[in-house]
Amino acid sequence: MKKAKPSEIETPLIKRSNFTQFFIKGGLLLSLFCNVTACNGDSSADGVEVQEALSQPILEEVDTVTYCSTEDGLDGIWALSNYFDPIIANKSIVNCQSQIPAWFGILLEIKNDTVLTYGSLIEMNKNSVNCESDTFTVFETNWGDWCLLNYSDELHLRLISSENQADSTIYIYKKRSEMSDFITEADRPFKIESKITAYFNEELLAGTYLNENSDTVYFLKNGELVGLDNYNEYEIDSYFGTSHPFQNLDGVLLRNRANKTFDFYHWEFSQEQLILTTFVSDTVLFNEEWVETGNYVLGDKQYKLRRAN
């Protein structure tokens with residue numbers, strides 16, 4: 001009888017052993033699956049629930065911060081009424097741009113127990129607020145210290161008098177939720193300058209006019225200009241920054257963007273008539289030559305436009 005080689009005996013034993021292990025493990029898994037199915041009914045639905053449960057993040061309980069400015073309804077945008085109201089009523093910017101609070105606080109933004117300021121010259125750092133005190137906060141500026149007082153529906157700003165500074169005016173801020181977009185996506189260095197300019201374009205000059213020949217001229221709300229010579233855009237001077245070459249007169253830029261040409265005009269209202277008078281460069285005689293000073297004076301060219309009914 002031929003003796004079997006070791007490999008001929010061991011190989012079937014190895015295969016049988018693997019199959020047995022597979023069968024045992026498979027049986028256990030099948031039994032477990034059946035038990036789960038029996039206990040939970042619809043296995044497919046439960047499988048989805050298990051997957052959803054596993055996919056859910058583990059939530060930890062976090063303490064919620066409560067801000068007094070939020071609780072008291074103070075969060076939001078507050079506008080300097082002493083600045084906006086007279087400009088719209090009197091249709092002139094220059095008479096209000098010299099107010100010191102306008103230099104650092106045309107708009108205030110209150111949120112999370114802090115207040116931020118937006119002005120025509122500077123933007124100050126965040127100030128903490130004290131809801132429990134009538135003195136909401138104090139602004140320390142180059143033009144004196146100013147205390148902001150909380151009167152619920154109004155905020156009052158007053159100068160803390162000193163030997164060098166005196167101003168008895170009470171500056172009033174009122175909530176203006178419609179101005180919240182003035183501080184978003186705004187240009188620098190003065191965050192709100194472009195939005196304030198667009199606001200004055202719309203509130204002061206936008207409208208339909210007739211020239212002296214009864215031709216229609218349109219100052220559109222979006223800054224477009226139609227029917228006035230070769231100009232197609234206008235932009236009012238909002239008096240931001242420190243460079244003011246128009247000798248404290250209201251100015252507007254009239255431009256043709258395609259031709260890259262522009263001129264400056266003084267604007268003023270006389271009853272229902274808009275009068276535009278050209279600005280020309282001021283010059284002085286220096287070493288027997290006329291030299292431009294960088295400032296402007298009124299010229300002779302003028303448009304008289306009356307509002308259309």
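Quick look at the structure, then. (Residues numbered from 1 in each chain as written. Predicted model: local features only at pLDDT ≥ 70, side-chain atom pairs only at ≥ 80, totals over all residues. Heavy atoms only, no water.)

Regarding the nonpolar core
What counts here: Residue types Ala, Val, Leu, Ile, Met, Phe, Trp, Tyr and Cys, when buried and joined through side-chain atoms within 4.5 Å, form a set referred to as a nonpolar core. Think of it in three bands: with a 1.4 Å probe and only protein chains considered, a residue is buried below 20% of the maximum accessible area for its type, exposed above 50%, and partly exposed in between. Working definition: helices are DSSP H or I runs of at least four residues, strands are E runs of at least two. Numbering for both runs from the N terminus. It only takes one pair of heavy atoms within 4.5 Å for two residues to be counted as in contact.
Counting 66 residues, the largest nonpolar core has Tyr83, Leu107, Phe219 and Leu276 as the members making the most contacts within it. Ranked by residues supplied to this core, first place goes to helix α6 (residues 193–205) with five residues. The residues contacting Phe219, other than those within four sequence positions of it, are Leu205, Ala206, Gly207, Tyr209, Glu224, Leu225, Leu228, Tyr234, Leu274, Leu276 and Leu305.

Structural notes on helix α4 (residues 81–90)
Buried within α4 are the following residues: Ser81, Tyr83, Phe84 and Ile87. On its buried face, α4 is in contact with β1 (76–80), α5 (100–104), β2 (107–111), β8 (171–175) and α6.

Details of the packing of aromatic side chains
Note the following rule: The pairing test for Phe, Tyr and Trp rings, Trp by its six-membered ring, is centres within 6.5 Å, and the orientation test on the planes gives stacked under 30 degrees, edge-to-face over 60, and tilted for anything in between. A ring has a charge above it when a Lys NZ or an Arg CZ is no more than 6 Å from the ring centre and no more than 35 degrees off the ring normal.
One pass over the full model with this rule turns up 21 aromatic pairs. Members of the aromatic cluster, joined through ring pairs, are Tyr83, Phe84, Phe182, Tyr199 and Phe200. Positioned above the aromatic ring of Phe269 is the side chain of Lys91, whose terminal nitrogen or guanidinium carbon lies 5.4 Å from the ring centre.

Topic: α6
In an α-helix, one turn spans 3.6 residues; hence positions three or four apart end up facing the same way. Quick reminder of the rule: What a helix is expected to span follows from its residue count: subtract one and scale by 1.5 Å.
For α6, spanning 13 residues, the distance from its first C-alpha to its last is 17 Å, which sits close to the expected 18 Å at 1.5 Å a residue. Taken together, the buried positions of α6 are occupied by Ile196, Thr197, Tyr199, Phe200, Asn201, Leu204 and Leu205. Gly207 sits one or two residues past α6 and shows a positive phi near 160°.

Some details on the pairing of strand β13 (residues 251–256)
One face of the sheet, then the other: side chains in a regular strand alternate in exactly this way. How we decide: For two strands to pair, DSSP has to find at least two bridges joining them.
Along β13, five of the six residues are buried, which leaves the element largely enclosed by surrounding structure. In terms of strand pairing, strand β12 (residues 233–236) meets β13 through four bridges, oriented antiparallel. Residue pairing across strands places Tyr234 opposite Leu254, the latter belonging to β13. Both β13 and strand β14 (residues 261–270) contribute to a ladder of six bridges, which runs antiparallel. Bridged to Asn256 within β14 is Thr261.

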